[in-house]
Amino acid sequence: MATLQSLRPSFRPSIPPPIFHTFPPTLFNYSPKLIGSKPVTVTLRHSIISPRVSNSQYSPQIADILGDVSIFTAAGQPVRFNDLWDQNQGVAVVALLRHFGCPCCWELASALKESKAMFDSAGVKLIAVGIGTPNKARILAERLPFPMDSLYADPDRKAYNVLDLYYGFGRTFFNPASSKVFSRFDALQKAVKNYTIEATPDNRSGVLQQGGMFVFRGKELLYARKDEGTGDHAPLDDVFDVCCKAPVA
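- An unreviewed UniProt entry lists the protein under the name Thioredoxin-like protein AAED1, chloroplastic, with Mucuna pruriens given as the organism.

Re the sheet that holds strand β7 (residues 220-226)
Alright, step 1. Strand order in this open sheet of seven strands is β2-β1-β5-β4-β3-β6-β7, and the pairing throughout is mixed. The two strands at the open ends of the sheet, each matched to only one other strand, are β2 (78-80) and β7. Strand-to-strand twist of the sheet, defined as the mean angle between neighbouring strand axes without regard to direction, takes the value 30 degrees.
Alright, step 2. By the bridge criterion, seven bridges tie strand β3 (residues 91-99) to strand β4 (residues 124-131) in an arrangement that is parallel. Bridge pairing links Val94 to Ile127 in β4.
Alright, step 3. Contacting β1 (70-73) and β5 (151-153), helix α4 (residues 134-143) runs over the sheet at an angle of about 150 degrees to β5.
Alright, step 4. Relative to strand β6 (residues 212-217), helix α8 (residues 236-245) is tilted by about 10 degrees, and along the sheet it contacts β3, β4, β6 and β7.

Brief notes about the pattern of salt bridges
Alright, step 1. Under the definition given, this model contains 10 salt bridges.
Alright, step 2. Across the salt bridge formed by Lys219 and Asp64, the nearest N and O atoms sit 2.9 Å from each other. Of this pair, Lys219 sits in the loop between β6 and β7 while Asp64 sits in helix α2 (residues 62-67); the two residues are 155 residues apart in sequence, bridging distant segments of the chain.
Alright, step 3. Here Arg225 and Asp232 are joined by a salt bridge, their closest N and O atoms 3.0 Å apart.
Alright, step 4. Judged by its relative accessible area of 1%, Arg225 falls in the buried class.
Alright, step 5. Look at Asp232 and you get buried, because its relative accessible area is 1%.

As for the nonpolar core
Alright, step 1. Core analysis: the largest hydrophobic core is formed by 42 residues, its most contacted members being Val93, Leu112, Leu151, Met213 and Val239.
Alright, step 2. Among all residues touching Leu112, those that are not within four sequence positions of it are Ala95, Leu97, Leu126, Ala128, Phe146, Met213 and Leu236.
Alright, step 3. Core analysis: the second largest hydrophobic core is formed by 25 residues, Val79, Trp85, Ala92 and Ile127 among them.

Points about the packing of aromatic side chains
Alright, step 1. Under the definition given, this model contains five aromatic pairs.
Alright, step 2. The interplanar angle of 75 degrees and the centroid separation of 5.7 Å between the aromatic rings of Tyr58 and Phe214 together place this pair among those described as edge-to-face. You can see Tyr58 sitting in the loop between α1 (24-27) and α2 and its partner Phe214 sitting in strand β6, a full 156 residues away along the chain. Each member of the pair Tyr58 and Phe214 is classed as buried.
Alright, step 3. Seen from their ring centres, Phe169 and Phe174 are 5.7 Å apart, and the 55 degrees between their planes marks the pair as tilted.

Brief notes about the pairing of β3
Alright, step 1. By the criterion of burial, β3 is predominantly enclosed, with nine of the nine residues buried.
Alright, step 2. The sheet contact formed by β3 and β6 spans six bridges and is antiparallel. In the sheet register, Val93 faces β6, and the bridge partner there is Val215.

Considerations on the confidence of the model for the protein
Alright, step 1. Averaged over all residues, the pLDDT of the protein equals 81, while 77% of them reach at least 70.
Alright, step 2. Predicted confidence is poor over residues 1-52, with pLDDT under 50, and the contacts of this stretch with residues over four places away or in other chains come to 102 contacts.

Overview of the environment of Ala92
Alright, step 1. If you trace the backbone, Ala92 turns up in strand β3.
Alright, step 2. Its relative accessible area of 0% is what places Ala92 among the buried residues.
Alright, step 3. A C-alpha to C-alpha distance of 5.9 Å links Ala92 and Leu126, two positions 34 residues apart in sequence.
Alright, step 4. In this structure, Ala92 is in contact with Trp85, Val124, Lys125, Ile127, Phe214, Val215 and Phe216, ignoring residues within four places of it in sequence.

Rules and cut-offs
Residues numbered from 1 in each chain as written. Predicted model: local features only at pLDDT ≥ 70, side-chain atom pairs only at ≥ 80, totals over all residues. Heavy atoms only, no water. Pairing = 2+ DSSP bridges. Helix = DSSP H or I, 4+ residues; strand = E, 2+ residues; numbered from the N terminus. Axes fitted to C-alpha atoms, helices over the stretch in contact; angles between N-to-C directions. Contact = heavy atoms within 4.5 Å. Salt bridge = Lys/Arg side-chain N within 4 Å of Asp/Glu carboxyl O. Buried < 20%, exposed > 50% of the residue type's maximum accessible area, 1.4 Å probe, protein only. Core = buried A, V, L, I, M, F, W, Y, C linked by side-chain atoms within 4.5 Å. Phe/Tyr/Trp six-rings, centres within 6.5 Å; stacked < 30°, edge-to-face > 60°. pLDDT = per-residue confidence, 0-100.

Written out as structure tokens, the structure is:
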């Protein structure tokens, strides 16, 4: 398992922490051979670290609270969360990316796109939310590409605040959970083939926000996982397993 402590000393000082969200071209100059003694390849769906997944930290009314939050479609139309899926028995995966200019979020968005047909076949609504204005969302949608009808913009981080997702300099740059991104170098490099830093929010405070993954059945929260650090994404196999166990109307 690659950790920040196991990276070779010659490699450590050459990687400035901001590569995770503001200076992606730097990332592409590194070889996965420098991580440990040999290349490590792990797909996005398998987590190296298994953080605690718990719904108990949220109020039973969290869906109602989140439902009143207004965000935007990638086309720029305002929409409330409670209009995004059937609030009775509909099952929805709500993936909160960090921001549209985060390379790790392009990787996650790529994995979600590849899994969308699987979720669709199970009757599960896929909802991806990112920080930034709708025009920033469209950059990701067009260049990745990603289906615009599943992509939403939350420029003021309203949903992130309601869900109490992690925020701050330490979480963004120095959390040990962020080290797992180095094991997914190939997937990351493929996802950012058409990346542009122009997708980064104009309000730079948004780059310090972490994301999370949630599954709802109607208003019932089935799964809740906060990203501990940058690139610490939920295993999609786990997410799909939860969806499959939930009856779909």
